Amino acid sequence: IHLSQILKNKIRIIFQRSVVEKKTMAPSLNKTAKFSVFDRPGIVQKNASSTKAGTGRASGGRLTESSGPKIATGAKIGGEFKKEANPAFLKRREEIWEKAKAARALEASNEEEEKKEIQITLPDGNIVQGIAMQTTPLDIAKGISKKLANAACVARVKYMNNNRSEENIIAVEDEEEEDILKNDDEGTIVWDLTRPLEDDCALELLDFNSKEGKTTFWHSSSHLLGAVLELLYGCKLTIGPPVDGGFYYDAYMGNDASIGETEIGELSKAVTKIINNKYPFERLVVTKDELLEMFAENPFKIALISKKIPDGGRTTAYKSGPIIDLCMGPHLPDTGRVKAFHVVRASSAYWLGQADNDALQRVYGIAFPDKKELVQWKHNMAEAAKRDHRRVGANQQLFFFDALSPGSAFFEPRGARIYNTLIQFIRDQYWIREYEEVVTPNVYNFDLWHQSGHALHYKENMFCFEVEGAEFGLKPMNCPGHCLMFAKTLRSYRDLPLRYADFGVLHRNELSGALSGLTRVRRFQQDDAHIFCRDDQVEFEVTSTLDFMKYVYDTFGMSYKLELSTRPKKALGDISLWNKAETALARAMDTFAGKGGWRVNPGDGAFYGPKIDIKVTDALGRVHQCATIQLDFQLPIRFGLKYKAVTDDESTEDNTDNNSQDINSLGPNFKRPIIIHRAMLGSVERMMAVLTEHWGGKWPFWISPRQCIVIPVVGHAHDEYGESIRTKIRAARIFCDCDTSGNTLPKKVRTAQLAQYNFILVVGDEEKSQGTVSVRNRSNIVEGTIPIDDFIAKCKSLIESKALYEGLNPPAPASSV
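Residues numbered from 1 in each chain as written. Predicted model: local features only at pLDDT ≥ 70, side-chain atom pairs only at ≥ 80, totals over all residues. Heavy atoms only, no water.

### Looking at the sheet that holds strand E37 (residues 782–787)
Spatially, E34-E33-E35-E36-E37 is the arrangement adopted by the five strands of the open sheet, whose pairing is mixed. Looking at the sheet topology across the chains shown, the edges are occupied by strand E34 (736–738) and E37. With strand direction ignored, the average angle separating the axes of adjacent strands in the sheet is 25°. Here strand E33 (residues 708–712) pairs with E34 via three bridges, running parallel. (Pairing = 2+ DSSP bridges. Helix = DSSP H or I, 4+ residues; strand = E, 2+ residues; numbered from the N terminus. Axes fitted to C-alpha atoms, helices over the stretch in contact; angles between N-to-C directions.)

### Describing the packing of helix H11 (residues 413–432) against helix H18 (residues 684–695)
The axes of two packed helices give the description: the angle between them and the distance between them. Two elements in contact, H11 and H18, have axes separated by 10 Å at closest approach and are oriented at 110°. Relative to H18, H11 is oriented roughly perpendicular. Crossing hand, H11 versus H18: right-handed. Residues Gly-415, Ile-418, Tyr-419, Leu-422 and Ile-423 of H11 pack against Val-684, Glu-685, Met-688 and Leu-691 of H18. (Parallel < 35°, antiparallel > 145°, perpendicular 65-115°, else oblique. Left-handed = near helix turned anticlockwise from the far one by under 90°. Contact = heavy atoms within 4.5 Å.)

### Brief notes about empty space enclosed by the protein
According to the stated counting rule, one finds four cavities of 30 Å³ or more in the structure shown. What lines the largest cavity is simply Phe-89, Arg-93, Glu-230, Cys-235, Lys-236, Leu-237, Met-294, Phe-295, Ala-296, Glu-297 and Asn-298. In this structure, the second largest cavity occupies an estimated 60 Å³ of space. In terms of lining residues, the second largest cavity is bounded by Pro-700, Phe-701, Asn-758, Phe-759, Arg-778, Leu-798, Tyr-805, Glu-806 and Gly-807. By residue class, the composition of the lining of the second largest cavity is five nonpolar, two polar and two charged. (1 Å grid on protein atoms, 1.4 Å probe; cavity = no way out; pocket = protein on both sides within 12 Å on 5 of 7 lines; lining within 4 Å. Points joined across faces, edges and corners; volume = space filled by probe spheres on them. Nonpolar A, V, L, I, M, F, W, Y, C, P; charged D, E, K, R; others polar.)

### Details of the state of the cysteines
As used in these notes, a disulfide is a covalent bond between sulfur atoms, one from each of two cysteines. Tallying each qualifying case throughout the model produces zero disulfides. Looking at Cys-479, it has no disulfide partner, and the nearest cysteine sulfur is the one in Cys-483, 6.7 Å off. Residue Cys-479 is classed as buried on the basis of its relative accessible area of 9%. (Disulfide = S-S within 2.5 Å. Buried < 20%, exposed > 50% of the residue type's maximum accessible area, 1.4 Å probe, protein only.)

### Some details on the packing of aromatic side chains
For the structure on display, the rule yields 31 aromatic pairs. Where Phe-399 meets Phe-411, the ring centres are 6.2 Å apart and the plane angle is 55°; that geometry is what we call tilted. Here Phe-411 lies in strand E17 (residues 410–411) and Phe-399 lies in strand E16 (residues 399–400), a separation of 12 residues in the sequence. On the basis of relative accessible area, Phe-399 is assigned to the buried category, the value being 6%. Seen in terms of ring centroids, Tyr-435 and Phe-548 are 6.1 Å apart; in terms of plane orientation they differ by 65°. Their pairing is edge-to-face. In this pair, Tyr-435 is assigned in the loop between H11 and strand E18 (436–437) and Phe-548 in helix H15 (residues 538–556), connecting sequence segments 113 residues apart. For the pair Tyr-435 and Phe-548, one class covers both residues: buried. Among the aromatic residues, ring-to-ring pairing joins Phe-425, Tyr-551, Tyr-553, Phe-556, Trp-695, Trp-699 and Trp-702 into one connected group. When the ring centre of Phe-735 is taken as reference, the NZ or CZ atom of Arg-417 above it lies at 4.1 Å. Here the basic side chain of Lys-642 rests over the ring of Phe-670, its NZ or CZ set 5.4 Å away from the ring centre. (Phe/Tyr/Trp six-rings, centres within 6.5 Å; stacked < 30°, edge-to-face > 60°. Lys NZ or Arg CZ within 6 Å of the ring centre and 35° of its normal.)

Here it is as structure tokens:
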């Protein structure tokens, strides 16, 4: 039977191919890089062979912000490595730097113009006079106050015209350097404090507490780390970006060498010397040829320079003491601004993140402008280590991972209790807020992903496989499937909004080196929903979604901040539609948070629509982005979604064929819906990790996997009563265990407290005779002896109210003096 089926499949495939060769009306067969897939009307498979080298990105390429040519992978380029202090290339590189510096000075002298007065507008509206190509933001800061000048890290500049001197500088950044500051679409530029201003401009000075200031500070600090890696060991540096919570530098040290505790101590001491010397960060425009000579001993920098900079092109480099590095900046004025520096740890990495490339040492660091902040950071890190969800998850038997399914968590019974409670928490709100829950397939033909656009930009992150000669993939998101559901039926404006919610299982093919506990997995579920609405409904739907988000994070006891991310440079769609949508979002945020209760993040929207970024803060002050609200104008176009709009004569029948093969044809009296992508938790797995660390494993009663435990007093005479209490509590849908071990009463109580049972119920002769339980909580506070029915009623109240406090009763209000 098995052989017969194989033969049938082969005959069917041969027949299909013969039909294609005869050019009949059947679906055509295209060859892709890996599989054969079928076209169908309105959905054309990209032909991998049609992409010319150097002209674009082939299907399956990782979506990055870099537009330059890709660097070749799959080959070892590091070569031999000999560990040596103060390597000879440092002196040679500095000599080439000085020659390039002299060349730029000569060019500048030949182009010298008359001094031009410029007007510099400050945030308070005051105007300061300056000289073009001479006055710096630091000069302006010093003129205001010494304290401001010392605190400033970087400037934000908006020029009144575009006649700047360096418009053709090439930005050289590797695909992994995604956190380097980028200029926005409104003409605002992040600018070195020591770099002369060029024309009339608006100027804002930013300190460490701003996003741009912190990023600049950590970016400069990464250069100091790179400096000592070269100075002490002769490492070949690759990239060193700032990231959330600090920075790192990747360095090549051959295949066997590594950074250990001894080296970490040496690196920290060496950085201190550079800091004390207060070396200035010098910016220099350099040619491609100068850079190739400057970094001749470093094959990784050569790869970046060769591929990213066209012949005859120029970019920038920075020098600070012993280090000269390829970099777009901006940077601090000098190394002395760094008052506290700490090398955190080292790990292994790969060049360009590819396992078949050279192995690198990734050294992490943290730095601050005040030593007190480093002390606080170390305290927070120690507390975070105690709360680490991987540690708590193992101790509380919540989940584990196995090498046979990397990146996919096994949730044990108690972990599944939390997981399912989170889903039910959201599901209950879906009923109240009138969402419709749907179930969609896990596997789709790749035609769907070509239609949605994910095949071109996201294929590398998908699990793909062949079925009968066609390419299929596990879904990494739900939105395309929901578009198919919307398109199935002819819709009217009266049908909108449609709120589809889906807890479907998603899979994303994350790199093995990026997997990290529950925060970065390959298999997960989202509280995913898509709202299909009219443009006049956007404001109400967004306001309602923000209210939903507030309820969720208030319940968790977490604060949040809102940012409106607006149209990026590569935005698709009509600008007037973008403007209208951004205005609706702004009004919704004003209604929800009040004017001034949110900030604009210019140019950071998705290419398909503006979005609201919701950043929540946990008990340790760490910021997480879990919830999201995004508008989408493009998927409705790609899937030909439409609804019948209101007309003057609503009784008139419309004979438009909704199944037309021309998906871009709207037909008379039809409009496109707008899709609102939204999630409150985001990934359930990631939210479980965040909440584990937020609460430190001390789960509030309503979500706790260990709500109660009954402890009969020593001797087994009361075990039967204890079990009967457990059964009664469990019948009320409350998690309850019973400890009938032979341990002493104090040991039983202590074990229950360490296991984080919310309530410990001790029963003996007295409790048995009166039908009561003696209650204490996990903080060892005695709640008293309570009839079992009253205890169950109080527990139900805690679940219903989603209370966060310890104990059966709310704490007494603080007395006012």
